[in-house]
Amino acid sequence: MSVPSPTHCPYCALQCAMTLTPTVRPDVVDAASDAAPAPVTVAGRDFPTNRGGLCKKGWTSAELLRAPSRLGAPLVRGADGALHETGWDEALDLVAASVRRISAESGADAVGVFGGGGLTNEKAYLLGKFARLAIGTSRIDYNGRYCMSSAAAAGNRAFGVDRGLPFPLEDLDGASTILLLGTNVAETMPPFIGHLAGAQAAGGLIVVDPRRTATARLTEEGRGLHVQPAPGTDLALLLGLIHIVIAERLVDADYVATRTVGFEAVRRSVASWWPERVQSVTGVAALTLRRLARRLAGGGNTYILTGRGVEQHVDGTDTATAAINLALLLGLPGRQGSGYGTLTGQGNGQGGREHGQKCDQLPGYRKIVDPEARAHVARVWGVHPDTIPGPGVPAVELLQSLGRPGGVRALLVHGSNLVVSSPNVAAVREGLAALDLLVVCDFFLSETAALADVVLPITQWAEEEGTMTSLEGRVIRRRRAIAPPAGVRDELWILAELARRLGCVATFDTDPELVFEELRLASEGGIADYSGIDYQLLDSGAPAYWPYPRGSAGTPRLFADRFAHPDGLARLVAVSVREFARPKPGDGEVTLVTGRLLEHYQSGAQTRRVPELLDAQPAAFASMHPATAERLGIADGDPVELTNPRGTVHCVARLSPDIRPDAVFVPFHYGDEQAANLLTSDAVDPISAMPEFKTNVVRITRLVEAGVPA
Ligand SMILES: Nc1nc2c(c(=O)[nH]1)N[C@H]1C(S)=C(S)[C@@H](COP(=O)(O)OP(=O)(O)OC[C@H]3O[C@@H](n4cnc5c(=O)[nH]c(N)nc54)[C@H](O)[C@@H]3O)O[C@H]1N2
Ligand SMILES: Nc1nc2c(c(=O)[nH]1)N[C@H]1C(S)=C(S)[C@@H](COP(=O)(O)OP(=O)(O)OC[C@H]3O[C@@H](n4cnc5c(=O)[nH]c(N)nc54)[C@H](O)[C@@H]3O)O[C@H]1N2
Ligand code: SF4
Ligand SMILES: [Mo]
């Protein structure tokens, strides 16, 4: 009989609840083919975040389980240069032997590991342990560097802790004012918009985006305000709002005095950002800025939320910091019914940044340089603290070292299609080509896997057990609904098998529950303390928000009494606009803005394999204002070339009055010559090491036909 499994969506951090019901006998493995129906049906399940709703990606997620392009056996590159199917022992022996050889020749740091925010907590934890103990390398980082790092850095320095939303999402329902800075939730987390209804009804939904997005349109008809600043000017905008809040005495003085430090420096730092100056930088009218500041201060229950649009910049940490400063001056964080948060993106973007796949981190959000943290984790791992390597380097620097003298010679990739999603991908392609060994674990031959020497096919979400931590900091269960195809393996098993072949004596459990039990111990006493959570608790459906120390009931809301710094106070950190942080468009150039479409997820490695999603958005396009198009002699549907010193992208023009005339938008979901990241810079934020994904400078020309300049 088919037993329905309550689980959550494989994609984004909203982790919508769904029920999977097998359409085949769950223990029977059928072959993938064009004709094979999805082996499970998907139904939305009631849950506080999605309330039964799912987006298109969630609804169609099961189609990938038997997709004809799914990998069914390990692949190894042969002498003929092509990938060939092989057995698991052969593939794992080859990886282990190559890793040993490279490590012996050039040191363990010549072997790099690249993780992902889509991995379960168990996989992320075991991957960090595998890198440090089985390989002995410090060179591990992950794609969350591209995603969460700026907001995380800002949260850590202001609050002393980084939990994306320090309150349950449902709290937003009671808001009368919500400021959304650089996030297009209507496309990136559709069921989320249900939580904006209260603010809309109160006329208080405020969306800051250079494009009139589906989210911006939710403000129409008196439901709020869309503010459309020039890309990359949010820091100036926020300094301007803070200036007004201070000048008009809208500051919550009591709160600032009792719960924060640093006010004087912030006051001084915004003194010169009077509204007219901000208007000249951002293009947002001074009058609008004043209205906005007053609404935020007097608009009842108020939330300020940031997304990638303000964070993925070379000044992303400072911009997120300015958003937090504004929230603190208004007395929002920690007050019931108001707050600040960042909307974490990947399925396990929150848990993925807590358990040790970051270059500077050990499980429980511990710092790898902290002797006490090292001693604690070493005890759990049964090793001497000195065997744990020190800090490594963040993702972009790791990739820049590929194939270079003293750099990484072998790379193991778990959960990222980095040759599509990394900045300046032309340079990344060169780096990957210069490697001695590239190993990719994936379900599909992604663009990155296609370049690998060894590809290891793994189970998908509906075929595995584990836990994820949603954007709320709530730990939830992923449950197995069906058996995987015969040729694929669980990633925990792969790590354990490789560790054994590398002669590592530490324990690598393959049962996710046992791995979680170890993670609990490793996280105990850390910032992200999971020690009070177990599978039984999660299976009961009880909400489990971290920190959840043993014997406690977890922490749905943080900061009610104190912030996580030792003195309990939040830090107001003065930040300023760095004039030359990013190149400005010259004559004939426009600012390239990148981001997402509803239908595709990230690099598109998964969603471009779902026919319904691909048909709806088959290829990259350049969205531009009709005025810009006219200036450049471009008509709707024309093939165009976008170019800058880093690379060239060919796509078609789509005209839309919804984007500012000084910007062009290209989604980053496509590979090869359509990869928007051929044009993005690998310059990074000095604090978070987040690359500049959101604003780059390009030239656009019309092509007579694809590939031929006009
Ligand atoms: N459909 C879909 N949903 C997803 C994902 C996906 O790939 N596809 N990915 C998930 C992940 S990992 C993430 S991180 C989230 C991201 O979720 P979002 O942050 O909502 O996504 P983005 O589209 O990257 O960026 C949001 C908006 O920022 C705007 N923007 C660009 N530059 C600027 C700027 O300088 N200032 C301001 N104020 N805005 C700017 C863009 O126009 C865009 O509308 O989505 C998650 N959900
Ligand atoms: N220009 C531009 N670039 C961007 C962004 C942007 O806004 N603009 N956004 C950035 C952001 S926020 C993010 S999060 C990144 C994401 O970009 P990527 O890191 O490329 O993320 P995905 O496309 O989700 O790639 C995940 C890969 O791992 C596979 N996979 C899924 N689950 C698992 C698993 O459990 N184990 C293993 N081993 N593999 C798995 C999938 O099939 C897929 O091939 O892109 C970044 N790049
Ligand atoms: S919003 Fe995110 S979690 Fe929900 S169904 Fe869509 S992709 Fe899945
Ligand atoms: Mo992300």
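Residues numbered from 1 in each chain as written. Chains lettered and ligands numbered in written order. Predicted model: local features only at pLDDT ≥ 70, side-chain atom pairs only at ≥ 80, totals over all residues. Heavy atoms only, no water.

*Asks:* I'd love a proper account of the environment of Gly637, names of residues and values included.
*Replies:* Positionally, Gly637 belongs in the loop between helix H23 (626-632) and strand E24 (639-644). The class for Gly637 is partly exposed, based on a relative accessible area of 44%. Separated by 18 residues in sequence, Gly637 and Leu655 place their C-alpha atoms 8.0 Å apart. When residues no more than four places from it in sequence are discounted, the contact partners of Gly637 are Val652 and Ala653. (Helix = DSSP H or I, 4+ residues; strand = E, 2+ residues; numbered from the N terminus. Buried < 20%, exposed > 50% of the residue type's maximum accessible area, 1.4 Å probe, protein only. Contact = heavy atoms within 4.5 Å.)

*Asks:* Give me the site of ligand 2: which residues, what numbers.
*Replies:* Taken together, 29 residues lie around ligand 2, and Asn143, Ser421, Asp442, Glu491 and Ser603 are the ones closest in. At a separation of 2.9 Å, an oxygen atom of ligand 2 approaches a polar side-chain atom of Lys123. Surface burial for ligand 2 is 97%, taken as the share of its 910 Å² of free accessible area covered by protein chains. Taken together, the residues of the shell around ligand 2 sort by class into 10 nonpolar, 14 polar and five charged. Of the domains in this structure, domain 1 (75-145 + 350-462 + 487-517) and domain 3 (589-702) are the two that each give at least three residues to the shell around ligand 2. (Near = heavy atom within 4 Å. Polar contact = N/O pair within 3.5 Å; in protein donor to acceptor, adjacent residues only side chain to side chain. Areas by Shrake-Rupley, 256 points an atom, 1.4 Å probe, with all protein chains shown as cover. Nonpolar A, V, L, I, M, F, W, Y, C, P; charged D, E, K, R; others polar. Domains from an automatic or database assignment.)

*Asks:* Give a description of the pairing of strand E20 (residues 475-478) that names residues and reports values.
*Replies:* In E20, alternate side chains face the same way, and those of Val475 and Arg477 on one face and Ile476 and Arg478 on the other are all buried. Here strand E19 (residues 466-469) pairs with E20 via four bridges, running antiparallel. Within E20, the position partnered with Thr467 by the bridge is Arg477. Between the end of E19 and the start of E20, which pair antiparallel, lie five residues, with Gly473 showing a positive phi angle near 80°. (Pairing = 2+ DSSP bridges.)

*Asks:* Please set out the domain arrangement of the protein chain residue by residue, giving values where relevant.
*Replies:* The assigned domain composition of the protein chain is domain 1 (75-145 + 350-462 + 487-517), domain 2 (149-342) and domain 3 (589-702). For domain 1 and domain 3, the distance between their C-alpha centroids amounts to 30 Å. Each side of the interface is counted separately: domain 1 has 18 residues, and domain 3 has 22 residues. Together, Arg145, Val420 and Asn424 form the three largest contributors to the area buried by domain 1 at its contact with domain 3, with a combined 30%. Our count for the domain 1 to domain 3 interface comes out at one salt bridge. Between Glu447 and Arg608 there is a salt bridge, and its shortest N-O distance comes to 2.9 Å. (Buried area = accessible area lost by both parts, 1.4 Å probe. Salt bridge = Lys/Arg side-chain N within 4 Å of Asp/Glu carboxyl O.)

*Asks:* Which residues make up the sheet that holds strand E3 (residues 40-44), and what are the values?
*Replies:* Read across the sheet, three strands follow the order E1-E2-E3 without closing on themselves; strand pairing throughout is antiparallel. Two strands in the sheet have a free side with no partner beyond their single neighbour: strand E1 (5-8) and E3. On average, each strand axis in the sheet is tilted by 35° relative to the strand beside it, whichever way the strands run. Pairing geometry for E1 and strand E2 (residues 17-22), over four bridges, is antiparallel. Residue pairing across strands places Pro6 opposite Thr19, the latter belonging to E2. (Axes fitted to C-alpha atoms, helices over the stretch in contact; angles between N-to-C directions.)

*Asks:* Give a detailed account of the environment of Gly198, specifying residues and quantitative values.
*Replies:* Tracing the backbone shows Gly198 in helix H6 (residues 197-201). The spacing of Gly198 and Gly586 is 388 residues in sequence and 43 Å in space, taken between C-alpha atoms.

*Asks:* Which residues make up unusual backbone geometry, and what values go with them?
*Replies:* In this structure, Pro547 follows Trp546 across a cis peptide bond, with omega equal to -5°. Within the secondary structure, Pro547 is located in the loop between helix H21 (535-539) and strand E21 (570-571). Phi is positive for Gln602, which is not a glycine, with a value near 55°. In this structure, Gln602 sits in the loop between strand E22 (589-595) and helix H22 (611-616). We note that Asp672 has phi near 50°; this positive angle belongs to a residue other than glycine. Relative to the helices and strands, Asp672 is located in the loop between strand E26 (663-667) and strand E27 (681-684).

*Asks:* I'd love a proper account of the pattern of salt bridges, names of residues and values included.
*Replies:* Tallied over the entire structure, the rule returns 41 salt bridges. Glu463 serves as the salt-bridge partner of Arg70, at 2.8 Å between the closest nitrogen and oxygen. Taken together, the residues Arg70 in the loop between helix H1 (56-59) and strand E4 (75-77) and Glu463 in the loop between strand E18 (454-457) and E19 connect sequence positions 393 residues apart. By the burial criterion, Arg70 is buried, and Glu463 matches it.

*Asks:* Just give me the short version of the sheet that holds strand E7 (residues 140-142), but keep the residues and values in it.
*Replies:* A sheet is described by the order of its strands in space; here seven strands give the open sequence E5-E4-E18-E17-E16-E6-E7, paired in mixed fashion. Of all the strands in the sheet, just strand E5 (83-85) and E7 have a single pairing partner and so form its edges. The average undirected angle you get between the axes of adjacent strands in this sheet is 20°. Where strand E6 (residues 111-115) lies against E7, three bridges are found, and the strand directions are parallel. Bridging from a neighbouring strand, Phe114 pairs with Asp141 of E7. In this fold helix H2 (residues 88-106) packs onto E4, E6, strand E16 (410-414), strand E17 (437-442) and E18, with an angle of close to 130° to the strand it touches most, E18.

*Asks:* Give me the lowdown on the packing of H2 against helix H19 (residues 491-501), citing residues and values where you can.
*Replies:* Where H2 meets H19, the closest approach of the two axes is 9 Å, and the angle between their N-to-C directions is 55°. The angle between H2 and H19 places the two elements in the oblique class. Every pair of crossing elements has a handedness; the one defined by H2 and H19 is right-handed. Along the contact surface, H2 presents Trp88, Asp89, Leu92, Asp93, Val95, Ala96 and Arg100, while H19 presents Trp493, Ile494, Glu497, Leu498 and Arg501. A breakdown of the residues in the contact of H2 with H19 according to their chemical character gives seven nonpolar, no polar and five charged. (Parallel < 35°, antiparallel > 145°, perpendicular 65-115°, else oblique. Left-handed = near helix turned anticlockwise from the far one by under 90°.)

*Asks:* Residues and numbers for the pairing of strand E12 (residues 302-306), please.
*Replies:* Taken across its five residues, E12 has five buried, putting it largely inside the fold. Neither face of E12 is left uncovered, since the one carrying Thr302, Ile304 and Thr306 and the one carrying Tyr303 and Leu305 both have all their residues buried. Of the strand pairs in this sheet, strand E8 (residues 177-181) and E12 are connected by five bridges, and their pairing is parallel. Directly across from Leu181, in E12, lies its bridge partner Thr306. Sheet topology note: the E12/strand E13 (residues 339-342) ladder contains four bridges and is parallel. The partner of Thr306 across the bridge, within E13, is Thr342.

*Asks:* Before we move on, could you go through the side chain of Thr594 and cite the residues and values that matter?
*Replies:* In this fold, Thr594 is placed in strand E22. Since its relative accessible area comes to 4%, Thr594 is described here as buried. A polar side-chain atom of Thr594 sits 2.8 Å from the main-chain carbonyl oxygen of Phe693.

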